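Examination of the molecular architecture
Here are the chains, one letter per residue:
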Amino acid sequence: MALKPGLVFNVMASAYRHDVIDKSMSLAGDAMDLVMHDTGLKVGDLVNKMDEARNNTVMRIDRLLAWSGPMLKVAANDRLMAGVSRMLDFKVVKKTTVAVLRRAMMRAAMGKTPSAAGSDPASAGLGA
Amino acid sequence: MISDEAYRELEEAVGPENVSREPAVLDTYAWQPFANDNPERWVIRPVAVAMPGSTEEVQALVKALGRHGLKFKAFSTGWGAYSSPTSDDVVQVDLRRMDRIIDIDEKNMYTVLEPYVCGAQLQAEAMKVGLNTHIIGAGPSCSPLASATSAFGVGWDCVYMSYSGRNLLGAEWVLPDGEVLRLGTLGSDCGWFCGDGPGPSLRGIVRGSTGALSGLGIFTKAAIKLFNWPGPPRVETDGLLLDAQSEVPENVRFCMCFWPDRKNQDEAIYKINESELCYIFSRTGLGATISIAAPHLMKHLTGASTLRSMITGDLKYGCTLIMVADSDNEMAYKERVLKEIAKQYGGVIIDLAAAKPIIRMFLMNFLRSTAVPVVFRMGGQMFTALDRNDTWDTQMDWADMGVEVKQKWIDRGGILDDMADNPYMVSYEDNTWGHCEEIFQYDPRNPDHLAALEPLFVEFSLEAVERCMEPLSSTDARLRKIISPMMGHYTQWQQKISGFMDGKRTADTGMYCDEVDFDLQKVDPDIRTRFEKVIEKFSWTEDGPPE
């Protein structure tokens, strides 16, 4: 199922209009900082880990994206994005988002979750 | 081969410890990282290498070569095959002993330096006094003097710091007969502040748009304009390339912008640059960024149709910029203007300041242009297709054309698949004019890739000529012979200048004004026919330009 051209851009544009991009970049940066702190990895290492992604992983993401058209259409809705933006102002949402991102990055980079890596998951998001 | 007598004279000119004809030493000059398109041939080995340490030694060297019918080719920091000999009677003049920053004039914002000073050194010294230097796209290991006097000059900072040749404020020039010519105010003992006059300027002869690549002599000192740097005297940085982590100054913003389509992108870029917002500005395809940062991932992505269409479609039109400011108010103003432009043209601005590890990695890679070496990661080699610097719109036309030509050769297996959209685009002087070169990557160990290089070069050249643009011709004596008649027989004028200044033919003019026949037999017959038609249509006659 082909993704309609412009759909991804529309989501980005809506996210930008409502500051969701700025807010999520900040949270992603915090998560990345925590991963680097916990693992000793550098940005270059993370990029190299991404470079080592297997073909089936990439194809799985590709299929997911191909089927995500209806969801993206909803996500591009300004009212919804405004709501997401407001939610991202709550400390608990920020902390949870950082924790989720950190967990995902850790799994991708090290093949294990933060707790297995010896860090306290409760501290996730302190920088948020 | 060089005679014993000639070699002895070279030793007398620069000292025996600074001359060599050892084959192993000479071969170190015969491989350069860029434009070495034939791994068997490399570039032509010089007959000897000499390393002068002063202007006087350069003069003595050049005179000695003239007496023995040998030629010289200057080499500052090197990088491309452009600093290498083009015939088998050339002595490589390696200028690495001339490595001093002679002066940084803080008040008048210029530096005087020698050939082997590299961009990174100069930038580090200039930043200490609140100044900065233009660094070319080849990276900070290259010589600012070489690009200002003799070769090309584009870089990410061109939006603020212009093109290398435009920043030349004076030069000390050893002519092919060994005499010294001092240009501009320097020639009148008035210092280094102006590169032109009194009387007619020689700037056009010194370098034109591209430079004579040592075909008219050797530049031993140059004054180069410096620019404002409102950041700290030293940007503390740990690590290199993708591992780099810099302390990001408060008054620096790093933004990625995306636009819904070409029309909105182009208009927004005109507005952004006319508003004088940028310190660094570039447009590069997202696929290109992935291909250099994560080349293995790129191979998988090329087969992922949805991701591919997102990268080459939804995220196609974008640009990257760095803004700096002297005050909080100035930065606030710039940010407001950028947001307003984004609003007007439906753009998305991603301020990377929030993503600290990312901006810490990117900052000096862009400010110092250190990211350049990673472009060789994907296949080991890359090359580029240039048109003539012109308005932003024409450069975008060139970028779009480049995608079409490249895709055809990607499909044929002639070059690596980087999703085709891989332009290196910058804006000069707040968009007075623009630059686009289409990068393609290849594996020099792959015979199919090597076989594709020449037909691809011809095809890009044809596309440029059909658009009344000049292709990357100055360094290729074959192409120069074809296009010179279409451009007022410019080579004939260059040859007259060369003949006037270099009666003994001591300079290696292979990349300046020589011409040789182009064997187009390897080229697709349709392309050849198109080329023949365009030659017939655009060539000048003795009466002048075609109707």
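Predicted model only: the values in this text are computed from it and were never measured.

1. Some points on the overall build of chain B
A tally of regular secondary structure across chain B gives 18 helices and 20 strands. At 23 Å, chain B has a C-alpha radius of gyration in line with the 24 Å of a compact globule built from 547 residues. Its C-alpha atoms give chain B principal-axis dimensions of roughly 70 × 60 × 50 Å. Per-residue burial over chain B gives 61% buried out of 547 residues. In chain B, of all internal contacts separated by at least 6 residues, the share reaching a separation of at least 24 is 71%.

2. What to know about the interface of chain B and chain A
Contact residues are listed per partner, giving 38 residues for chain B and 35 residues for chain A. Roughly 2900 Å² is buried in total at the junction of chain B and chain A, and carbon and sulfur atoms are behind 66% of that figure. Counting across the chain B and chain A interface gives one salt bridge. Between Arg360 of chain B and Asp33 of chain A there is a salt bridge, with the nearest N and O atoms lying 2.7 Å from each other. At the junction of chain B with chain A, the criterion picks out 15 residue pairs in polar contact (both at pLDDT 80 or more). Every element with two or more residues in the side of chain B that touches chain A is listed here: α10 (295-301), α11 (305-314), α12 (328-344), β17 (348-351) and α13 (356-367) of chain B.

3. Description of α13 of chain B
All names here are of chain B. With twelve residues, α13 should cover 16 Å at 1.5 Å per step; its first-to-last C-alpha distance of 16 Å lies within 8% of that length. Counting buried positions along α13 yields nine of twelve residues, so the element is predominantly enclosed. Within the span of α13, buried status applies to Pro357, Ile358, Ile359, Met361, Leu363, Met364, Asn365, Phe366 and Leu367. Phi turns positive, to about 60°, at Ser369, one or two residues after α13.

4. Comments concerning the sheet that holds strand β2 (residues 48-50) of chain B
Residues and elements named next belong to chain B. The strand order across the open sheet built from four strands is β1-β2-β4-β3, with neighbouring strands paired in mixed fashion. The open sheet terminates on both sides in strands that have one partner only, identified here as β1 (19-20) and β3 (71-75). The sheet contact formed by β2 and strand β4 (residues 90-94) spans three bridges and is parallel. Each residue of the ladder has a partner; that of Ala50, found in β4, is Val93. Sitting on the sheet, helix α3 (residues 55-67) touches β2, β3 and β4, and the angle it makes with β3 is about 150°.

5. Examining the sheet that holds strand β5 (residues 101-105) of chain B
Residues and elements named next belong to chain B. Strand order in this open sheet of five strands is β5-β6-β10-β8-β9, and the pairing throughout is antiparallel. Lying at the two open borders of the sheet, with one neighbouring strand each, are β5 and β9 (180-182). Averaged over all pairs of adjacent strands, the angle between their axes in this sheet comes to 10°, without regard to strand direction. Pairing of β5 with strand β6 (residues 110-113) involves four bridges; the strand directions are antiparallel. Residue pairing for β6: Ile101 is matched across the bridge by Leu113. With respect to the sheet, helix α4 (residues 119-127) is in contact with β5 and β6, its orientation differing from that of β5 by roughly 40°.

6. What to know about unusual backbone geometry
Residue and element names in this part refer to chain B. Put simply, Gly197 and Pro198 share a cis peptide bond, and its omega is -5°. Notably, Ala420 is not glycine yet its phi reads approximately 70°, a positive angle. The buried category is assigned to Ala420, whose relative accessible area is 0%.

7. Observations concerning the pairing of β3 of chain B
Residue and element names in this part refer to chain B. Judged by how many residues are buried, β3 sits mostly within the fold: five of five residues are covered. Alignment of β3 against β4, held across five bridges, turns out to be parallel. Bridge pairing links Phe72 to Val91 in β4.

8. Some details on the packing of helix α15 (residues 447-466) of chain B against helix α18 (residues 525-538) of chain B
All names here are of chain B. Interhelical geometry of α15 versus α18 gives an angle of 35° and a closest axis separation of 10 Å. The two elements α15 and α18 cross, and the hand of that crossing is left-handed. Between α15, through Val458, Glu459, Ser461, Leu462, Glu463, Val465 and Glu466, and α18, the contact on the second element is made entirely by Ile527, Arg530, Phe531, Val534 and Phe538. Grouping the amino acids of the contact of α15 with α18 by side-chain chemistry returns seven nonpolar, one polar and four charged.

9. What to know about the pattern of salt bridges
Residues and elements named next belong to chain B. In this structure the tally under the stated criterion is 36 salt bridges over all chains. For Lys128, the salt bridge goes to Glu125, with nearest N and O atoms at 3.1 Å. Assessed through its relative accessible area of 34%, Glu125 is described here as partly exposed. The salt bridge involving Glu236 is made with Arg234; its shortest N-O contact spans 3.0 Å.

10. Some words on the domain arrangement of chain B
Residue and element names in this part refer to chain B. Its domain assignment divides chain B into domain 1 (4-94), domain 2 (101-228), domain 3 (249-466) and domain 4 (479-538). For domain 1 versus domain 3, the separation of C-alpha centres amounts to 37 Å. Between domain 1 and domain 3, the contact holds nine residues from the first and ten residues from the second. Of the roughly 650 Å² buried between domain 1 and domain 3, counting both surfaces, carbon and sulfur atoms make up 70%. At the boundary of domain 1 and domain 3, one finds zero salt bridges. At the surface where domain 1 touches domain 3, the tally comes to zero residue pairs in polar contact (both at pLDDT 80 or more). The class makeup of the residues in the side of domain 1 that touches domain 3 is seven nonpolar, one polar and one charged.

11. So, the side chain of Ser461 of chain B
Position of Ser461 of chain B among the secondary structure elements: in helix α15. For Ser461 of chain B, the contacting residues outside a window of four places in its chain are Pro471, Leu479 and Phe531 of chain B.

12. Observations regarding a nonpolar patch on the surface
A cluster of nonpolar residues, Val74, Leu80 and Val84 of chain A, forms a patch on the protein surface that exposes about 220 Å² of accessible area. Among the structural elements, Val84 of chain A can be located in helix α6 (residues 78-87).

13. Some points on the environment of Tyr345 of chain B
Residues and elements named next belong to chain B. With respect to the helices and strands, Tyr345 occurs in the loop between α12 and β17. Assessed through its relative accessible area of 12%, Tyr345 is described here as buried. Once the C-alpha coordinates of Tyr345 and Ile44 are considered, the two residues, 301 residues apart in sequence, prove to be 52 Å apart. Leave out the neighbours within four places in its chain, and Tyr345 touches Trp259, Pro260, Asn264, Glu267, Ala268 and Lys271.

14. Brief notes about the pairing of strand β18 (residues 381-386) of chain B
Residue and element names in this part refer to chain B. Where burial is concerned, most of β18 is hidden: six out of the six residues are buried. In β18, alternate side chains face the same way, and those of Gln381, Phe383 and Ala385 on one face and Met382, Thr384 and Leu386 on the other are all buried. Two strands pair when backbone bridges link them, and β18 and strand β20 (residues 433-442) are joined in this way by six bridges, in the antiparallel orientation. Residue pairing in the sheet places Thr384 in a bridge with Ile439 of β20.

15. Points about the nonpolar core
Core analysis: the biggest nonpolar cluster contains 145 residues, and Trp259, Leu321 and Val348 of chain B have the highest contact counts within it. Core analysis: the next-biggest nonpolar cluster, separate from the first, contains 25 residues, Ala13, Val19, Ala50 and Ala507 of chain B among them.

Cut-offs and rules
- Residues numbered from 1 in each chain as written.
- Chains lettered and ligands numbered in written order.
- Predicted model: local features only at pLDDT ≥ 70, side-chain atom pairs only at ≥ 80, totals over all residues.
- Heavy atoms only, no water.
- Helix = DSSP H or I, 4+ residues; strand = E, 2+ residues; numbered from the N terminus.
- Rg over C-alpha atoms; globule rule 2.2 N^0.38 Å.
- Buried < 20%, exposed > 50% of the residue type's maximum accessible area, 1.4 Å probe, protein only.
- Contact = heavy atoms within 4.5 Å.
- Buried area = accessible area lost by both parts, 1.4 Å probe.
- Salt bridge = Lys/Arg side-chain N within 4 Å of Asp/Glu carboxyl O.
- Polar contact = N/O pair within 3.5 Å; in protein donor to acceptor, adjacent residues only side chain to side chain.
- Expected span 1.5 Å × (residues − 1).
- Pairing = 2+ DSSP bridges.
- Axes fitted to C-alpha atoms, helices over the stretch in contact; angles between N-to-C directions.
- Left-handed = near helix turned anticlockwise from the far one by under 90°.
- Nonpolar A, V, L, I, M, F, W, Y, C, P; charged D, E, K, R; others polar.
- Domains from an automatic or database assignment.
- Patch = residues over 30% accessible without salt bridge, like charges linked within 9 Å, V, L, I, M, F, W, Y side chains within 5 Å.
- Areas by Shrake-Rupley, 256 points an atom, 1.4 Å probe, with all protein chains shown as cover.
- Core = buried A, V, L, I, M, F, W, Y, C linked by side-chain atoms within 4.5 Å.

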